[in-house]
Amino acid sequence: MPLRPAPPAYAAAAREAAVTRAVLPDGTACWLVTGYDEVRAVLSDARFSADARTPGFPFLSAGQRELATAKPSFIRMDDPEHARLRRMVTKDFLVKRVEELRPGIQDIVDRAVDHMTDGRTSADFVADFALPVPSLVICLMLGVPYEDHDLFQSLSRTLLDNHTTRERAEEAHTQLMGYLVQLAERKRQHPADDILSRLAARDDLTPQETASLGFLLLVTGHESTANMAAISLLALLRHPEQAARLRADPGLVRGAVEELLRHLTIIHLGLGRAATRTVEVGGVTIPAGDGVICMLSTANRDEELFTAEGGTCPADLDITRDARRHVAFGYGIHQCLGQTLARVELQIILTTLLHRLPDLRLAVPPGPAHLQPGQHRLRRPGSPGDLVTRPPCATFSSSRPSTGEAAQALADGSQPGHNALLSST
């Protein structure tokens with residue numbers, strides 16, 4: 001799990017070789033790529049397909065197979081189709097564009113803190129803050145009504161849970177796509193200044209393609225950032241000396257976010273690819289038709305690259321480490337489109353929480369994180385396997401009393417932060 005060293009099977013595979021054999025939950029053999037250079041080599045090589053319909057593509061569950069193959073988004077396509085669709089939304093996530101959103105995001109975060117702390121000294125951090133903030137941001141950018149957040153959050157959780165059956169995944173996918181097709185049609189008739197309106201107005205996109213792009217941005221735009229915000233805060237609370245350094249010098253936040261991205265590597269289940277030709281990687285021949293899983297978590301623990309000045313090892317959290325070369329967002333042409341937005345949100349979230357809630361602490365004693373839905377087993381041949389887990393990071397408490405009057409609901413469209421964000425997109 002992200003808050004502990006890589007699971008023993010992964011760590012053992014990484015020590016043995018950068019490319020080893022592994023067995024998927026359904027018994028299918030694949031290749032496990034754990035080395036930093038080798039992971040980057042696979043993810044930047046067009047001979048390894050990101051298209052989930054490619055023979056040999058590795059899946060961790062039947063539900064994941066359904067989600068990836070039924071109506072794939074552009075991240076599950078290869079060029080030139082991948083490039084065609086990605087270009088349509090790239091400009092909305094460029095550095096300059098996202099930086100213009102900072103004031104609006106800051107306002108959303110401030111109001112979320114007000115709401116979370118009003119009249120109480122403890123709260124469920126995930127439900128009251130980590131999930132609403134990125135959900136509201138991506139809703140405003142896309143033009144999705146925030147009042148529908150219960151629907152898309154519930155469906156997203158179903159689709160991202162590796163225990164979801166194929167039938168349930170298909171049902172959830174159909175429901176969310178149907179919602180977005182209808183919303184895109186309303187946007188086409190009554191456009192606004194948002195991403196979905198601009199996509200709906202294009203003549204070179206089908207309604208299904210428009211909904212598919214919206215689907216990808218909506219699901220990844222709130223779920224990943226929410227989880228990263230939660231486990232980042234938990235990591236800092238478990239390393240109070242690191243939190244103290246960041247609180248004392250907010251100028252460290254950019255580097256701190258990079259280190260947290262590296263250290264936690266939220267995509268700890270790896271990125272799948274399928275070899276379309278026989279390729280040699282790290283001295284190992286991978287035949288055409290074989291599946292490959294690139295383990296970003298082990299790549300981000302590369303000792304030669306990420307041992308900090310002073311000898312801090314990669315397994316430790318050190319917010320002053322130069323972690324800029326991490327692969328937490330992937331690598332190559334499929335690198336995460338929304339990485340700039342995620343960075344800005346995390347920078348604002350962490351700086352604001354540490355400044356406004358200086359006595360922030362866990363409401364429960366720190367200990368091993370509990371197992372959560374969405375786990376799976378990936379094992380090496382002959383090994384019993386290892387659970388990959390996700391910590392709840394659910395609660396916090398602060399000795400600081402509530403300040404100010406009751407906060408307005410985050411979805412109140414009259415809030416100035418909403419208008420500021422919308423006017424920037």
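Parameters and conventions
Residues numbered from 1 in each chain as written. Predicted model: local features only at pLDDT ≥ 70, side-chain atom pairs only at ≥ 80, totals over all residues. Heavy atoms only, no water. Core = buried A, V, L, I, M, F, W, Y, C linked by side-chain atoms within 4.5 Å. Buried < 20%, exposed > 50% of the residue type's maximum accessible area, 1.4 Å probe, protein only. Helix = DSSP H or I, 4+ residues; strand = E, 2+ residues; numbered from the N terminus. Contact = heavy atoms within 4.5 Å. Salt bridge = Lys/Arg side-chain N within 4 Å of Asp/Glu carboxyl O. pLDDT = per-residue confidence, 0-100. Polar contact = N/O pair within 3.5 Å; in protein donor to acceptor, adjacent residues only side chain to side chain. Pairing = 2+ DSSP bridges.

1. Overview of the nonpolar core
Then step 1. Within the largest apolar cluster, 80 residues are counted, with the highest numbers of intra-cluster contacts made by F129, L176 and L353.
Then step 2. If one sorts the elements of this core by residue count, helix α12 (residues 207-238) sits on top with 14 residues.
Then step 3. Residue contacts for F129: discarding those within four places in its chain leaves V109, A112, V113, M116, D124, P134, I349 and L353.
Then step 4. Formed by 20 residues, the second largest nonpolar core is a distinct cluster that contains A18, Y36, V42 and V327.

2. Concerning the pattern of salt bridges
Then step 1. Tallying each qualifying case throughout the model produces 23 salt bridges.
Then step 2. One salt bridge in this structure joins R343 and E258, with 2.6 Å as the shortest N-O distance. With R343 in helix α17 (residues 339-356) and E258 in helix α14 (residues 253-264), this residue pair connects regions lying 85 residues apart in the sequence.
Then step 3. Judged by relative accessible area, which is 18%, R343 ranks as buried.
Then step 4. Each of the salt bridges in this network shares a partner with another, and the network as a whole consists of D92, R97, D193 and R198.

3. Things to note about the environment of L271
Then step 1. With respect to the helices, strands and loops of the structure, L271 is situated in strand β5 (residues 271-275).
Then step 2. What makes L271 buried here is its relative accessible area of 18%.
Then step 3. Sequence separation of L271 and L43 is 228 residues, and the distance between their C-alpha atoms is 8.7 Å.
Then step 4. Beyond its immediate sequence surroundings of up to four residues, L271 is in contact with L43, V292, I293, C294, L296 and G330.

4. A short note on the confidence of the model for the protein
Then step 1. Looking at the protein as a whole, the pLDDT averages 83, with 82% of positions reaching at least 70.
Then step 2. Here residues 369-425 scores under 50 on pLDDT; set against residues more than four positions off or in separate chains, the count is 172 contacts.

5. A few points about the side chain of T265
Then step 1. With respect to the helices, strands and loops of the structure, T265 is situated in the loop between α14 and β5.
Then step 2. Residue T265 is classed as buried on the basis of its relative accessible area of 1%.
Then step 3. Among the polar contacts listed, one links the side chain of T265 to the backbone oxygen of R262, at a separation of 2.6 Å.
Then step 4. Residues within four places of T265 in sequence aside, it is in contact with L260, L296, S297 and N300.

6. A short note on the pairing of strand β8 (residues 291-294)
Then step 1. Residues G291 and I293 line one face of β8 and the alternating positions V292 and C294 line the opposite face, and both faces are buried.
Then step 2. As paired strands, strand β2 (residues 29-33) and β8 are joined by three bridges and run parallel to one another. Counted as the bridge partner of W31 is V292 from β8.
Then step 3. Where β5 and β8 come together, four bridges link them in antiparallel fashion. Following the sheet pairing, L271 is matched in β8 by C294.

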